[in-house]
Amino acid sequence: MSVMSDNQKKTIFSGVQPSGKLTLGNYLGAIKNFPLLQEEYNCIYCVVDMHAITVRQDPAALRRQTLEVLAQYIACGLDPEKSVLFIQSHVPAHAELGWVLNCYTMFGEASRMTQFKDKSAKHADNVNVGLFDYPVLMAADILLYQTDMVPVGVDQLQHIELARNIAQRFNGVYSDTFVMPEPYIPKTGAKIMSLADPTRKMSKSDENANGFVLLMDKPEDIMRKFKRAVTDSDSRIIVSEDKPGVSNLISIYALATGKTIEQVQEEFQGKGYGDFKPAVGEAVVELLRPIREKTEDLLKNKDYLEQVYREGAQKAGYLARKTLDKVYRKVGFVKR
Ligand code: TRP
């Protein structure tokens, strides 16, 4: 198994929320590159169900969505033979290291996390300690695997910075224990904007469901969303700062078809939105069709998924134990 034997490669760790809903933005911005990364790095992908319960979840939905995310990742090209795919709650070392790291995280620094402030405002009736502690568990996720790089969106940079501060503090007290992780913002990843408001990032939490496309959307829904996509006052199909709607559609079309921006502008020169929008819709339908079909097949094959996440937890558990044993020894716990 590459992750255990190949120490020349750097390690990438990524946590994904089991929301069950990955968007076209998630795909074009990040997931599309994952299959390439797994050739060059030891890649570890974790579905963070323990993070998910910091806000109320419906238990049946959480279970289903955890498997849906796993299936979608595999359908997008992650190979369980090459990467480690697992579910966070299956590897107890996350909670165990999380506890230790709590004791090396200052109340003040955790209080400065802007996501905590945002989420406590949003879930004012349930500002639980887990929500406050969320970034410390995330630090444990990352540090357990001696991670070099963490692919994240900008909204998670503050959490990575906290993980680095905790690692540095621990290393300072006990000598080198953790690798210092770096955020990894993919160079090729595109920022895909909402179809309903192209000044905002495409997000599944958009109140307007026409603003985002999900990987699992049916073709007719995808077509409808693109036909209704907000465009700009003049009808030229060019990338321009004052045409955020059309620019967004052009980059989606380019990414979906593998064409360059210039080729796309040429293709639609002299044509209007009536031609362009359905063409983007069709390109996205064809891009997502194999992913949706593969995901549906995988979800019907529960035995296979179970085998993937069990083997994943075994590999992850082995790596995580090595770090946790070191940490327990350094802080002074008696060896079991
Ligand atoms: N907080 C991340 C998010 O909301 C999810 C996450 C949990 C994560 N643990 C992680 C991401 C470790 C990267 C590394 O997107």
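Residues numbered from 1 in each chain as written. Predicted model: local features only at pLDDT ≥ 70, side-chain atom pairs only at ≥ 80, totals over all residues. Heavy atoms only, no water.

Participant: Let's hear about the overall build of the protein: which residues, and what values?
Facilitator: Scanning the protein from terminus to terminus reveals 15 helices and five strands. For 336 residues, the compact-globule estimate of 2.2 N^0.38 gives 20 Å, and the C-alpha radius of gyration of the protein, at 21 Å, lies within 12% of that figure. Along the first, second and third principal axes, the C-alpha set of the protein runs to 75 × 40 × 40 Å. Residues counted as buried form 50% of the 336 residues belonging to the protein. Relative to all contacts within the protein whose residues are 6 or more apart in sequence, the contacts with residues 24 or more apart total 76%. A total accessible area of about 16,400 Å² is found for the protein, and carbon and sulfur atoms account for 52% of it. (Helix = DSSP H or I, 4+ residues; strand = E, 2+ residues; numbered from the N terminus. Rg over C-alpha atoms; globule rule 2.2 N^0.38 Å. Buried < 20%, exposed > 50% of the residue type's maximum accessible area, 1.4 Å probe, protein only. Contact = heavy atoms within 4.5 Å. Areas by Shrake-Rupley, 256 points an atom, 1.4 Å probe, with all protein chains shown as cover.)

Participant: I'd like a rundown of the environment of alanine 190, residues and numbers included.
Facilitator: Here alanine 190 is to be found in the loop between strand S5 (182–184) and helix H11 (219–227). For the pair alanine 190 and glycine 29, spaced 161 residues apart in sequence, the C-alpha to C-alpha distance is 4.6 Å. Excluding residues that lie within four positions of it along the chain, alanine 190 makes contacts with Leu28, Gly29 and Leu255.

Participant: An account of unusual backbone geometry is needed here, citing residue identities and associated values.
Facilitator: Only a minority of non-glycine residues have a phi that is not negative, and only a minority of peptide bonds are not trans. At glutamine 146, a position not held by glycine, the phi torsion is positive, near 50 degrees. Tracing the sequence through the fold places glutamine 146 in the loop between helix H9 (129–144) and strand S4 (149–151).

Participant: Give a detailed account of the site of the ligand, specifying residues and quantitative values.
Facilitator: The immediate surroundings of the ligand are formed by Phe13, Gly15, Gln17, Val48, His51, Tyr134, Met138, Asp141, Ile142, Val150, Val152 and Gln156. Interatomic distance of 2.7 Å between a side-chain N/O atom of aspartate 141 and a nitrogen atom of the ligand. Within the side chain of glutamine 156, an N or O atom sits 2.9 Å from a nitrogen atom of the ligand. Against a free-state accessible area of 370 Å², the protein chains account for coverage of 88% of the ligand. Secondary structure elements with two or more residues in the shell around the ligand: strand S1 (11–16) and H9. Broken down by element, the shell around the ligand gets its largest block of residues, four residues, from H9. Its residues assigned to classes, the shell around the ligand comprises seven nonpolar, four polar and one charged. (Near = heavy atom within 4 Å. Polar contact = N/O pair within 3.5 Å; in protein donor to acceptor, adjacent residues only side chain to side chain. Nonpolar A, V, L, I, M, F, W, Y, C, P; charged D, E, K, R; others polar.)

Participant: I'd love a proper account of the side chain of aspartate 49, names of residues and values included.
Facilitator: Inspection of the secondary structure puts aspartate 49 in helix H4 (residues 49–52). Despite its burial, aspartate 49 remains without a salt bridge, the nearest opposite charge being carried by arginine 63 at 8.8 Å. For aspartate 49, the contacting residues outside a window of four places in its chain are Pro18, Thr66, Ile87, Gln88 and Ser89. (Lys, Arg positive; Asp, Glu negative; His and termini not counted. Salt bridge = Lys/Arg side-chain N within 4 Å of Asp/Glu carboxyl O.)

Participant: Please set out a nonpolar patch on the surface residue by residue, giving values where relevant.
Facilitator: Taken together, the side chains of Val154, Leu157 and Ile185 make up a nonpolar region of the molecular surface, amounting to roughly 270 Å² of accessible area. Positionally, isoleucine 185 belongs in the loop between S5 and H11. Taking the relative accessible area as the measure of exposure, isoleucine 185 reaches 46% and is therefore partly exposed. (Patch = residues over 30% accessible without salt bridge, like charges linked within 9 Å, V, L, I, M, F, W, Y side chains within 5 Å.)

Participant: Residue-level account of the environment of arginine 56, with values.
Facilitator: Position of arginine 56 relative to the elements: it lies in the loop between H4 and helix H5 (59–75). Each C-alpha atom, one on arginine 56 and one on asparagine 126, is 8.2 Å from the other, the two residues being 70 residues apart in sequence.

Participant: Which residues make up the pattern of salt bridges, and what are the values?
Facilitator: Opposite charge on two side chains lets them pair, provided their charged atoms get close. This model, assessed by the stated rule, comprises 14 salt bridges. Among the ionic pairs, glutamate 109 bridges to arginine 169, the shortest N-O distance being 2.6 Å. In this pair, glutamate 109 is assigned in helix H7 (residues 107–111) and arginine 169 in helix H10 (residues 157–174), connecting sequence segments 60 residues apart. Overall, the relative accessible area of 8% leaves glutamate 109 in the buried class. The salt bridge involving lysine 243 is made with aspartate 234; its shortest N-O contact spans 3.2 Å. Judged by relative accessible area, which is 29%, aspartate 234 ranks as partly exposed. Connected through shared salt-bridge partners, Glu96, Arg321 and Asp325 make up one network.

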